[in-house]
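Structural overview for review
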Amino acid sequence: MRKKILVTGGAGFLGSHLCEKLLMEGHEVFCLDNFFTGQKQNVVHLLSNPFFELIRHDITMPFFIEADEIYNLACPASPIHYQYNPIKTIKTSVVGSVNMLGLAKRIKAKILQASTSEVYGDPEIHPQTEEYWGNVNPIGPRACYDEGKRCAETLFMDYHNQNKVKIKILRIFNIFGPRMHPNDGRVVSNFIVQALKNKDITIYGDGSQTRSFCYVDDFIDGMIKFMDTPESVIGPVNIGNPEEFTILELAENIIRLTGSKSKLTYKPLPEDDPMQRQPDINKIKKLINWEPVTSLEEGLKQTIDYFKNTII
Ligand code: NAD
Ligand code: UDP
């Protein structure tokens, strides 16, 4: 059955891949974006599809449309972008969620929230399970994002409990791949761009902090399957690749795969930068029989090819 699906933040990195996949599956897609960090370029190849509609709108303002499903992805995701205008960031998560949940309630749509591993903050348990309540500094530089996303989860649960809205909460751990913004400051795009230009690779801190990187195609596949689970499944559920690497290992891999002459340079570790991050994905594995299939090396090769074609 062809569904009508609203994707907020649809012109961003993850949103554009999601729109593409949903169209491929035969659905009608409304891509809503205010183009803060997203770009028309990410979806320009979809514009000729009669089942695709691009809408410029800011989710902090109410929005009305008829749809069967809503994927709520609108929110800047990279630390430099979400810290650029912290008040706007938290409004996007909180006011934006209220608007989208109000819409879902009115039109009886199912709504999925793109939550984040940042709800765990700088975690004291490792790997992170969904039961862990997190360790977040509520007044630090990352709070506008972390607390905004935590409040959005609260709103989703409350709309579900109070108004029976059909919700899904997905906690996303570091995704990477083609269409990451070359200047958005995230580690994979930064290192690849630096390596391709033979510029110094900027390691923040001593590089011993860890992240677990999941390739975008694996993630999109999991997100759509999670949306399709029965109504009783609401989450929160972790999604990501549990293979954990230090930032130094990531840099070494990227230098090797690009054949770069770049050297490492060390910069101060940003305040509240989490020291370790690895998802426990047992829940999602059981729920939808999903696990990532793309290795870091394979995903990096695809992403390096993308950046070679776009920035050089
Ligand atoms: P992105 O910055 O590429 O995409 C976000 C999109 O939302 C952009 O197109 C931006 O223009 C749009 N947007 C921002 N504020 C808006 C507003 N007020 N109204 C309408 N549109 C708005 O980031 P991404 O990596 O694609 O992330 C997408 C979502 O997934 C975000 O909600 C992010 O928090 C979440 N997430 C991503 C990751 C990751 O590793 N990429 C990890 C955890 C969570
Ligand atoms: N990082 C780094 N050099 C960079 C960009 C990021 O060492 O040029 C580090 C950053 O301090 C963090 C990790 O890489 O420890 C992941 O950063 P990113 O901004 O990609 O995501 P997040 O911290 O939100 O997981």
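The structure this text deals with has already been given above.
So, a few notes on the structure that sits alongside this text. (Residues numbered from 1 in each chain as written. Chains lettered and ligands numbered in written order. Predicted model: local features only at pLDDT ≥ 70, side-chain atom pairs only at ≥ 80, totals over all residues. Heavy atoms only, no water.)

1. Details of the site of ligand 2
For the record, the criterion: Proximity is defined per residue: if any heavy atom of the residue lies within 4 Å of a molecule or strand, that residue is considered near it. Any pair of N or O atoms that falls within 3.5 Å is considered a polar contact. Within protein, one atom must be able to donate a hydrogen and the other to accept it, and sequence-neighbouring residues count only if both atoms are side-chain atoms. Note on areas: Shrake-Rupley, 1.4 Å probe, and residue coverage restricted to the protein chains presented here. Numbering of helices and strands runs from the N terminus, with a helix taken as a DSSP run of H or I at least four residues long and a strand as a DSSP run of E at least two residues long. Classification used: nonpolar for Ala, Val, Leu, Ile, Met, Phe, Trp, Tyr, Cys and Pro, charged for Asp, Glu, Lys and Arg, polar for all others including Gly.
Around ligand 2 sit 18 residues, and of these Val187, Thr202, Arg211, Asp273 and Arg277 come closest. At 2.6 Å, a backbone N or O of Thr202 approaches a nitrogen atom of ligand 2. Separating an oxygen atom of ligand 2 from a side-chain N or O atom of Arg211 is a distance of 2.7 Å. Protein contact buries 95% of the 520 Å² of open area that ligand 2 shows by itself. If you list the elements that add at least two residues to the shell around ligand 2, you get α5 (187–196) and β8 (201–204). A breakdown of the residues in the shell around ligand 2 according to their chemical character gives 7 nonpolar, 5 polar and 6 charged.

2. Here's the deal with the site of ligand 1
Taken together, 29 residues lie near ligand 1, and Leu14, Asp33, Thr37, Tyr145 and Lys149 sit nearest. Here a nitrogen atom of ligand 1 and a side-chain polar atom of Asp58 are 3.0 Å apart. Within the backbone of Ile59, a nitrogen or oxygen atom sits 3.0 Å from a nitrogen atom of ligand 1. Contributions of two or more residues to the shell around ligand 1 are made by α1 (13–24), β5 (110–116) and α4 (143–163). Per-element accounting of the shell around ligand 1 gives the leading share, 3 residues, to β5.

3. Digging into the nonpolar core
Rules: What is meant by a nonpolar core is a set of buried Ala, Val, Leu, Ile, Met, Phe, Trp, Tyr and Cys residues, joined one to another through side-chain atoms within 4.5 Å. For each residue, the accessible area found with a 1.4 Å probe, counting protein chains only, is set against the maximum for its type, and the residue is called buried under 20%, exposed over 50%, and partly exposed in between. It only takes one pair of heavy atoms within 4.5 Å for two residues to be counted as in contact.
Within the largest apolar cluster, 59 residues are counted, with the highest numbers of intra-cluster contacts made by Leu18, Tyr71, Leu170, Phe219, Met223 and Leu300. If one sorts the elements of this core by residue count, helix α6 (residues 216–227) sits on top with 7 residues. Not counting the four nearest positions on each side in its chain, Met223 is found in contact with Leu18, Tyr71, Leu73, Leu112, Leu170 and Ile239. One finds Ile59, Phe63, Ala104 and Val165 within the second-largest nonpolar core, a separate group that totals 24 residues.

4. With respect to the sheet that holds β5
The cut-off we apply is this: In this analysis, strands are considered paired if DSSP registers two or more bridges between them. Fitted lines through C-alpha atoms serve as axes, helices being fitted only where they are in contact, and the angles separating the N-to-C directions of these axes extend from 0 to 180 degrees.
Strand order across the open sheet formed by 7 strands is β3-β2-β1-β4-β5-β6-β11, with parallel pairing between neighbours. In the strand order of this sheet, the two ends are held by β3 (52–56) and β11 (237–239), each with one partner. Each neighbouring strand pair of the sheet contributes to a mean axis angle of 20°, computed without reference to strand direction. The pairing of strand β1 (residues 4–8) with strand β4 (residues 69–72) spans 4 bridges and is classified as parallel. Bridged to Thr8 within β4 is Asn72. Against the sheet, α1 touches β1, β2 (28–33), β3 and β4, its axis set at about 170° to β1. Here α6 sits on the sheet in contact with β4, β5, β6 (166–172) and β11, set at roughly 155° to β6.

5. Quick notes on the state of the cysteines
We apply this condition: The criterion for a disulfide is a pair of cysteine sulfur atoms lying within 2.5 Å.
This structure, assessed with the given rule, holds 0 disulfides. Cys19 forms no disulfide, and the closest cysteine sulfur to it belongs to Cys31, at a distance of 4.1 Å. Given a relative accessible area of 0%, Cys19 falls into the buried group. The closest cysteine sulfur to the non-disulfide-bonded Cys75 is located on Cys144, 8.2 Å from its own sulfur. What makes Cys75 buried here is its relative accessible area of 15%.

6. Digging into a nonpolar patch on the surface
Note the following rule: Patch membership requires more than 30% relative accessible area and the absence of a salt bridge. Residues of like charge join within 9 Å; the nonpolar side chains Val, Leu, Ile, Met, Phe, Trp and Tyr join within 5 Å. We define a salt bridge as a side-chain nitrogen of Lys or Arg found within 4 Å of a carboxyl oxygen belonging to Asp or Glu.
Judged by side-chain polarity, Tyr204, Leu269 and Met275 come together as a nonpolar surface patch covering roughly 230 Å² of accessible area. Here Met275 lies in the loop between β13 (264–267) and α8 (282–288). For Met275, a relative accessible area of 33% translates into the label partly exposed.

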